[in-house]
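Analysis of the macromolecular model
Residues per chain are reported as follows:
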Amino acid sequence: MSSVTLKGIGKTYPGNVVAVRDFNMDIEDKEFVILVGPSGCGKSTTLRMIAGLEEITEGELYIDGRLVNEVAPKDRDIAMVFQNYALYPHMTVFENMAFGLKIRKTPRAEINERVLEAAKMLEIEGLLKRKPAALSGGQRQRVALGRAIVRKPKVFLLDEPLSNLDAKLRTSMRAVLAKLHMQLGTTFIYVTHDQTEAMTMGTRIVVMKDGDVQQIAPPQELFDKPCNLFVATFMGTPQMNIAEATVIDDGKLTYLEFGSGEKKTRVALPEWKGRKREVLEYAGKNVLFGIRPNDISADPDFIAQHPGRVVEADIEFVELLGAESNVFVKVSEVEFACVIDSKIRMSSGEKVKLAFDTEAIHIFDKETERTVTN
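What this report covers is the structure whose coordinates are included nearby. (Residues numbered from 1 in each chain as written. Predicted model: local features only at pLDDT ≥ 70, side-chain atom pairs only at ≥ 80, totals over all residues. Heavy atoms only, no water.)

1. Examining the pattern of salt bridges
Quick note on the threshold: One side-chain nitrogen of Lys or Arg within 4 Å of one carboxyl oxygen of Asp or Glu is enough to make a salt bridge. Note on conventions: DSSP H or I runs of at least 4 residues are helices, E runs of at least 2 residues are strands, and numbering of each starts at the N terminus.
Under the counting rule described, the total for this entry stands at 18 salt bridges. Between R275 and D249 there is a salt bridge whose closest N-O contact spans 2.7 Å. In this pair, R275 sits in the loop between helix 9 (271-274) and helix 10 (277-280) while D249 sits in strand 11 (residues 241-249), placing the two residues 26 residues apart along the sequence.

2. Points about the sheet that holds strand 9 (residues 204-209)
Here is the rule: Strands are treated as partners if at least two bridges between them are detected by DSSP. Each axis is a line fitted through C-alpha atoms, and for a helix only the stretch in contact is used; angles between axes span 0 to 180 degrees, taken between their N-to-C directions. Residue contacts follow a heavy-atom distance rule, with two residues in contact if any of their heavy atoms lie within 4.5 Å.
Taken together, the six strands give an open sheet; going across it, the order is 6-7-8-3-9-10, and neighbouring strands pair in mixed fashion. Each edge of the sheet is formed by a strand with only one pairing partner; in this case those strands are strand 6 (78-81) and strand 10 (212-217). Averaged over all adjacent pairs, the angle separating strand axes in this sheet is 15°, with direction ignored. Both strand 3 (residues 32-36) and strand 9 contribute to a ladder of four bridges, which runs parallel. The residue bridging V33 from the neighbouring strand is R204, located in strand 9. Along the sheet face, helix 5 (residues 167-184) touches strand 3, strand 7 (155-159) and strand 8 (187-192) and points at about 160° away from the line of strand 8.

3. Here's the deal with a negative patch on the surface
What counts is decided by this rule: Surface patches are drawn from residues lacking salt bridges whose relative accessible area is over 30%; two like charges belong together within 9 Å, two nonpolar side chains (Val, Leu, Ile, Met, Phe, Trp, Tyr) within 5 Å. For accessible areas, the Shrake-Rupley method is used with a probe of radius 1.4 Å. Any residue's cover is judged against the shown protein chains and nothing else. We treat Lys and Arg as the positive residues and Asp and Glu as the negative residues; His and chain ends play no part in the count. Note that the charge is assigned to NZ on lysines, CZ on arginines, CG on aspartates and CD on glutamates. Partly exposed residues are those whose accessible area sits between 20% and 50% of the maximum for their type, while under 20% is buried and over 50% is exposed, using a 1.4 Å probe and protein chains only.
A grouping of D299, D301, E324 and D341 is seen on the molecular surface, where their side chains present a negatively charged patch. Mapped onto the fold, D301 is located in helix 11 (residues 300-305). Residue classification places D301 among the exposed residues on the basis of a relative accessible area of 53%.

4. Points about the environment of L320
Mapped onto the elements of the fold, L320 is located in strand 16 (residues 310-320). Remark: the alpha-carbon pair of L320 and R151, spanning 169 residues in sequence, is separated by 48 Å.

5. Here we look at the side chain of S297
To keep things clear, this is the line we draw: As used in this structure description, the phrase polar contact means that two N or O atoms lie within 3.5 Å; if the pair is within protein, one of them must be able to donate a hydrogen and the other to accept it, and residues adjacent in sequence are counted only when both atoms belong to side chains.
With respect to the helices and strands, S297 occurs in strand 15 (residues 296-297). A distance of 3.0 Å separates a polar side-chain atom of S297 from the backbone nitrogen of D299.

6. Description of the pairing of strand 1 (residues 4-13)
One face of the sheet, then the other: side chains in a regular strand alternate in exactly this way. Of all ten residues in strand 1, seven are buried, a share of seventy percent or more. As defined by bridge partners, strand 1 adjoins strand 2 (residues 17-27) across seven bridges and the pair is classed as antiparallel. The residue bridging Y13 from the neighbouring strand is V17, located in strand 2. Taking the residues that link successive antiparallel strands as the turn, the strand 1-strand 2 hairpin has three residues, and the phi of G15 there is positive, at about 90°.

7. Topic: the packing of aromatic side chains
Put simply, the rule is: In summary, the pairing rule links any two rings of Phe, Tyr or Trp, Trp by its six-membered ring, whose centres are within 6.5 Å, and it sorts them by plane angle into stacked for under 30 degrees, edge-to-face for over 60 and tilted for everything else. The rule is short: NZ of Lys or CZ of Arg within 6 Å of the ring centre and within 35 degrees of the ring normal puts a charge over the ring.
Tallied over the full model, the rule gives eleven aromatic pairs. Geometrically, the ring pair formed by F258 and F336 is edge-to-face, given 5.6 Å between the ring centres and 70° between the ring planes. Of this pair, F258 sits in strand 12 (residues 254-258) while F336 sits in strand 18 (residues 334-341), placing them 78 residues apart in sequence. F336 shares its class with F258; the two are buried. Ring geometry for F336 and F356: centres 5.2 Å apart, planes at 65°, overall edge-to-face. Separated by 20 residues along the polypeptide, F336 in strand 18 and F356 in strand 19 (residues 351-356) bring together distant segments of the chain. For the pair shown, F336 and F356 are each scored as buried. Linked through ring pairs, F32, F156, F188 and Y190 together constitute an aromatic cluster. Positioned above the aromatic ring of Y255, the side-chain terminus of R266 is 5.7 Å from the ring centre.

8. A few points about helix 2 (residues 93-103)
For helix 2, the full list of buried residues reads V93, N96, M97, A98, G100 and L101. Of the surrounding secondary structure, the elements contacted by the buried residues of helix 2 are helix 3 (108-122) and helix 4 (137-149). Positive phi appears at K105, one or two residues downstream of helix 2, with a value of about 60°.

9. Re helix 1 (residues 43-51)
Because each turn of an α-helix spans 3.6 residues, side chains separated by three or four positions end up pointing in the same direction. Most of helix 1 sits out of view: seven of its nine residues are buried. Every buried residue belonging to helix 1 is among K43, T45, T46, L47, M49, I50 and A51, and all of these are buried. Where helix 1 terminates, the next one or two residues include G52, which has phi positive at roughly 90°.

10. Some points on the sheet that holds strand 5 (residues 66-67)
Taken together, the four strands give an open sheet; going across it, the order is 2-1-4-5, and neighbouring strands pair in antiparallel fashion. Looking at the sheet topology across the chains shown, the edges are occupied by strand 2 and strand 5. Against the sheet, helix 1 contacts strand 1, strand 2 and strand 4 (58-63), and its axis sits at roughly 115° relative to strand 1.

11. Notes on unusual backbone geometry
Residue T237 is joined to P238 through a cis peptide bond whose omega torsion reads -5°. Unusually for a residue other than glycine, E123 sits at a positive phi of about 60°. Assignment of secondary structure puts E123 in the loop between helix 3 and helix 4.

The structure is reproduced here in structure tokens:
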């Protein structure tokens, strides 16, 4: 078992600077949990508290049911992979991977077996005699992972391990890490600021902001049902469109009315969403609504089938990306980004009809920024 439990964990630095506040979570055996959020949100501090590299100001930390607040890092049976690899430059790859085992006085035969096993898993068998200076960034990262693997820890802690790699290498290393997690069958806790890494690798994601946990959920649930405006806009690329609107109830349907000037735009919400008590409580009031760029359609068939969702838009700018295009438009002077199939030709300055997939619209309280629809 490799469970980790955080009960009310907090970290406050001198000067009453709060880095992490009341973090509560049960991380189950074999989970791949990702802590994600902007710089300074407290995710790396949380990881370092689990590792024992930062003192816990308040709360209790358990690894496999054992309270470890006062346990030294070397006795917690964890392994940490750092952003900067932290390899010894004067040692070969083999020596770097074997170093932790030698300190623990592991028999030489077992060291050889473990290092060769990890090297094969990471496909670096041919690099064992090289030194770090002769390796690429991706190879160095694999060595750093190998050094952690050979220890066979209960928990792997990874602090932005791919941030120094180029985009193509990051993509391939994500696959390596996902495969590694399945092969090892142990618990991974991973810190990143990259929401793509979080969405593609994690079994659960923890979104943090200003030291507070905003939401904990599986990737798709986090994307489909964000609990507040911050989570909604942080997860997803391109970012979710957010606009202010008034909730209109005509007794049969519920609409969102937005825009400035004389010509405002109304879109009808589906009955299952618009007639919910939580939404109708905002009738006549202003709210914030969100719609993802992929949920704004230029497909003629979709537009024809959903006349109550159609809007007239002025195209501001088009980014051609191959199979898709990012199209930036204004609807009643409100800006929206859309992701459109590149087969549908669009140009700056054109007027077009688009349809909002109102099934996927999110509504947020304007003051609290909490979700109304999820």
